[in-house]
Amino acid sequence: MTDSLGTEFTRHTEEVLASMTLMAELLPAGERRDLLALKGRVKVLAERATRKPAPH
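Residues numbered from 1 in each chain as written. Predicted model: local features only at pLDDT ≥ 70, side-chain atom pairs only at ≥ 80, totals over all residues. Heavy atoms only, no water.

Undergrad: Can you tell me about the environment of Glu25, naming the residues and giving the values?
TA: Mapped onto the fold, Glu25 is located in the loop between helix 1 (7-24) and helix 2 (29-50). The spatial distance from the C-alpha of Glu25 to the C-alpha of Leu35 is 10.0 Å, given a sequence separation of 10 residues. (Helix = DSSP H or I, 4+ residues; strand = E, 2+ residues; numbered from the N terminus.)

Undergrad: Break down the packing of helix 1 against helix 2 for me, with residues and values.
TA: Any two packed helices are characterised by how steeply their axes cross, that is the angle between the axes, and by the distance between the axes. Packing of helix 1 against helix 2 brings their axes to within 9 Å, and their N-to-C directions diverge by 170°. Regarding the angle of helix 1 to helix 2, the classification is roughly antiparallel. Residue-level inspection shows Phe9, Thr13, Leu17, Met20, Thr21, Met23 and Ala24 of helix 1 in contact with helix 2, the latter providing Arg32, Leu35, Leu36, Leu38, Lys39, Val42, Lys43, Ala46, Ala49 and Thr50. Taken together, the residues that form the contact of helix 1 with helix 2 break down as 11 nonpolar, three polar and three charged. (Axes fitted to C-alpha atoms, helices over the stretch in contact; angles between N-to-C directions. Parallel < 35°, antiparallel > 145°, perpendicular 65-115°, else oblique. Contact = heavy atoms within 4.5 Å. Nonpolar A, V, L, I, M, F, W, Y, C, P; charged D, E, K, R; others polar.)

Structure (structure tokens):
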């Protein structure tokens, strides 16, 4: 991820994503799928938040 918001934000986001992966391993299949889908959405939103604005 590009880090325009700071390394602390990026590090925290990566920790949250890693925690979600670990939690998913403990869940039944349906809930695991839902959590991994949420993880994907969190990753997309974090990438958008850290993306540098396009030059005009």
